[in-house]
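Given next are the chains, with one letter for each unit.
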Amino acid sequence: MCLGVPGIVVEIKRDEKEAIVDFGGVRKEVDAFLVEDLKPGDYVIVHAGAIISKISEQEYKEIKEAFDELARALQEIEA
Amino acid sequence: MNLSLEYVKRRKKLLEILSKYRDPELAKKIIEKIHIVADRIDEEKILLMSFCGTHEHTVTYYGIRSLMPSKIDLVAGPGCPVCVTPARIIDTAIKLALEEDVVILTYGDMYKVPGSKLSLAQAKGLGARVEVVYGFNDAVRKAREKASKDHVFVGVGFETTMPTVASYIYSNRMPDNLYVLPAYRLTPPITKYMLKLKEIAINGIILPGHVSAIIGVESWLFLEGIVPSVIAGFEPIDVLMAILMILRQIARGEARVENEYHRVVKFRGNEKARKIISEVFDIVDADWRGIGIVPESGAVFKEKYSEYNALEKYDAKVDNAIDIRPGCRCTDVVLGLAKPTDCPLFLKACTPERPYGPCMVSSEGTCYIWAKYGGYIVNRKEG
Ligand code: SF4
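Keep in mind that what you see is a predicted model, and the values were worked out from it rather than measured.

In this section: the overall build of chain B. When helices and strands are counted, chain B shows 16 helices and eleven strands. Over its C-alpha trace chain B gives a radius of gyration of 21 Å, about what one expects of a compact globule, namely 21 Å for 383 residues. Projecting the C-alpha coordinates of chain B onto the three principal axes gives extents of approximately 65 × 60 × 40 Å. A buried classification covers 61% of the 383 residues belonging to chain B.

Taken together, the contact pairs 48 residues of chain A with 54 residues of chain B. Buried surface at the junction of chain A and chain B, summed over both partners, amounts to about 4,500 Å²; 63% is from carbon and sulfur atoms. Linking chain A with chain B are three salt bridges. Taking the shortest distance from any N to any O, the salt bridge between D31 of chain A and R173 of chain B comes out at 2.9 Å.

On to the pairing of strand 7 (residues 204-207) of chain B, then. All names here are of chain B. The side-chain alternation of strand 7 yields two buried faces, one formed by G204 and I206 and the other by I205 and L207. Bridge count for strand 1 (residues 46-50) against strand 7 is three bridges, and the pairing is parallel. Opposite M49, over in strand 7, you have I205 as the bridge partner. Pairing of strand 7 with strand 8 (residues 229-231), which is carried by three bridges, proceeds in the parallel orientation. Paired with I206 across the strands is V230, a residue of strand 8.

Moving on to the confidence of the model for chain B. Note that predicted coordinates carrying low pLDDT should not be read in detail. Residues and elements named next belong to chain B. Looking at chain B, the pLDDT average stands at 93 and 97% of residues meet or exceed 70. Taking the mean pLDDT of every element in chain B, the minimum, 77, falls on helix 1 (residues 2-20) and the maximum, 98, on strand 7. Below pLDDT 50 for its whole length, residues 378-383 participates in 14 contacts with residues either more than four positions away or in separate chains. For this predicted complex, the interface confidence score (ipTM) comes to 0.81, while the overall pTM stands at 0.91.

Residue and element names in this part refer to chain B. Within the open sheet, the five strands sit side by side as 2-1-7-8-9. Their pairing is parallel. Strands at the two margins of the open sheet, each flanked by one partner only, are strand 2 (72-76) and strand 9 (257-259). Shown here is a sheet whose adjacent strand axes are inclined to one another by a mean of 20°, direction ignored.

What follows covers the pattern of salt bridges. All names here are of chain B. For the coordinates displayed, the defined rule picks out 30 salt bridges over all chains. One salt bridge in this structure joins D138 and R141, with 2.6 Å as the shortest N-O distance. Note that D138 and R141 are positioned in helix 8 (residues 136-145) at a spacing of three residues, about one turn of the helix. Since its relative accessible area comes to 11%, D138 is described here as buried. With its nearest N and O atoms 2.9 Å apart, the salt bridge here joins E218 to R274. In this pair, E218 is assigned in the loop between helix 11 (209-215) and strand 8 and R274 in helix 13 (residues 271-280), connecting sequence segments 56 residues apart. Exposure remark for E218: the relative accessible area of 24% places this residue in the partly exposed category. Residue R274 is classed as partly exposed on the basis of its relative accessible area, which comes to 25%. Connected via shared salt-bridge partners are E218, R268, E271 and R274.

What follows covers the pairing of strand 2 (residues 18-23) of chain A. Residue and element names in this part refer to chain A. Most of strand 2 is tucked away: six of the six residues are buried. Residues E18, I20 and D22 line one face of strand 2 and the alternating positions A19, V21 and F23 line the opposite face, and both faces are buried. Both strand 1 (residues 4-13) and strand 2 contribute to a ladder of five bridges, which runs antiparallel. The partner of E11 across the bridge, within strand 2, is I20. Hairpin connection, strand 1 to strand 2: the antiparallel pair is bridged by four residues, and R14 has positive phi, about 45°.

As a further point, take the state of the cysteines. Residues and elements named next belong to chain B. Counted under the stated rule, the structure contains two disulfides over all chains. The side chain of C80 participates in a disulfide bridge whose partner is C83; the two sulfur atoms lie 2.2 Å from each other. The disulfide joining C80 to C83 has a torsion of about 75° about its S-S bond and is therefore right-handed. Each of the two residues, C80 as well as C83, counts as buried. In this model, C330 is linked to C359 through a disulfide, with the two sulfur atoms separated by 1.7 Å. Sign of the S-S torsion, about 85° for the bond between C330 and C359, identifies this disulfide as right-handed. You can see C330 sitting in helix 15 (residues 330-334) and its partner C359 sitting in the loop between helix 15 and helix 16 (366-373), a full 29 residues away along the chain. The class of C330 is buried, set by a relative accessible area of 3%. Sequence-ordered numbering of the bonded cysteines in chain B gives a disulfide pattern of 1-2, 3-4.

Quoted interface sizes are often the accessible area lost when the parts come together. Residues and elements named next belong to chain B. Assigned domains of chain B: these are domain 1 (87-186 + 269-313) and domain 2 (330-373). Computed over C-alpha atoms, the centres of domain 1 and domain 2 are 25 Å apart. At the interface, seven residues of domain 1 touch eleven residues of domain 2. Together domain 1 and domain 2 conceal approximately 640 Å² of surface at their shared face, both sides included; 68% is due to carbon and sulfur atoms. The largest per-residue losses of area from domain 1 upon contact with domain 2 belong to D109, P114 and I291, which jointly make up 56% of the total buried on that side. Counting every contact that joins domain 1 to domain 2 gives zero salt bridges. Among the residues making up the side of domain 1 that touches domain 2, the classes are represented as three nonpolar, one polar and three charged.

Parameters and conventions
- Along each chain, residues carry numbers from 1 onward, in the same order as the chain's sequence is written.
- To read the labels, note that chains go from A and ligands from 1, taken in the order they are written.
- Since the coordinates come from a predicted model, pLDDT governs what is reported: local features require at least 70, and pairs of side-chain atoms require 80 or more to be given and counted, while whole-chain, interface and lining totals use all residues.
- With hydrogens and water stripped out, all remaining heavy atoms of the structure feed into the side-chain values.
- For the purposes of this entry, the term helix denotes a DSSP run of H or I that reaches at least four residues, the term strand denotes a run of E that reaches at least two, and both are numbered from the N terminus.
- Atoms counted for the radius of gyration: C-alpha only. Globule rule: 2.2 Å times residue count to the power 0.38.
- When a residue's accessible area, from a 1.4 Å probe over protein chains only, is under 20% of the maximum for its type it is buried; when over 50% it is exposed; and in between it is partly exposed.
- Whether two residues are in contact is decided by their heavy atoms: any pair within 4.5 Å suffices.
- A 1.4 Å probe defines the accessible area here, and the buried area is the portion of it lost by two parts on being joined, summed over both.
- Each salt bridge in this description consists of a side-chain nitrogen of Lys or Arg and a carboxyl oxygen of Asp or Glu lying within 4 Å of one another.
- Between any two strands, pairing holds if DSSP finds at least two bridges.
- The predictor attaches a confidence to each residue, called pLDDT, with possible values from 0 through 100.
- Working convention: axes come from line fits to C-alpha atoms, limited for helices to the stretch in contact. Angles between N-to-C directions cover 0 to 180 degrees.
- The rule for a disulfide is simple: a pair of cysteine sulfur atoms within 2.5 Å.
- Start and end positions for the domains come from either an automated domain assignment or a database one.
- We call Asp, Glu, Lys and Arg charged. Ala, Val, Leu, Ile, Met, Phe, Trp, Tyr, Cys and Pro are nonpolar, and the rest, Gly among them, are polar.

Here it is as structure tokens:
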């Protein structure tokens, strides 16, 4: 029940209160009222039928950077 | 056409990125550092507790325990909602289903967990009307489809499921034939409770990722100066990084709240969800299955929303509920005082197919996870 599943917003419906989200090919209608400014293409975490959070787009764009940062953090520990 | 192509590309990218959080090479590097830092720590034993059943799943499924330095003990805490929901709630739902003309709607895990005597699944065998839903949105849909029948949703879970119900109430989207049997529980109060327990000394806490997506880093700051804590995501790299970050704090003599899961968790969390939760719920003292009353750890509907409370609508009081049946050590398992293998019934009289205690039911229950994925012994590769 606490499992949040990542997905992608496909369509916003009903006055922005609901959305269709794709989970690796399976599409489901979920509650979209808890998150503001959703648009198709957004990465989101869906939990028990509701979008509870957007996944930071920046991190996904700069994912390499995020992992570089991780590598830096690791190096720091060695030092 | 164009849009859907773009869309397939994004999906590919998402999967690609998630796979990085399972990268074995990166995992190996982090584990090496964990050993280096652990060696620098003087304590002979370091107990790290996770507060989310999904973290225990990651730890066990990927065999993370067996890769840890011997001084590190990874222990699961009271982070399985199905395990800590009082038997009284299940008994009440069964009573409603058998005696009133209602359809009970419940999450799949709750469906199978034993109450004092029966589970909702067994009650269904006796003629009760019980249906499984994936989320509250599903419950709303079912109630709308069958408008002539009253429905009662078994409202359990932590700060992650609370807003999913509050969302429909707050925005006036509740069908008038749908009620909620509320048994919500809050994670910071049980964390405080755990830290006061004399039987266990916690050296670091892996904080729940999706609860924190709602309540924010901010809500954990009470842990600063008390115990090193890191909010973590649920992939193996997330959990390994959280362990490393905690060890680094211990080695430096710090006790801060850090956020490993910043791709999802913000400092203030989901502010809209928090606002809706506080509009809809009041905080009250609440009982946890096998543990007892924990101050300010539960939530009930505010007066103005009490019309949605199934307990107001129906007279469904049950007496003498039995939370823990004789022989079951679920209380100790939930508090991190015992491992499932310490229970004589584990994989004997209690199995995932025929659960005797509440920790053997949910995919977030420690006994279930150990039974399914081998607990301490197996170092399972991804597959
Ligand atoms: S194995 Fe079963 S009986 Fe034993 S503690 Fe776990 S849930 Fe209870």
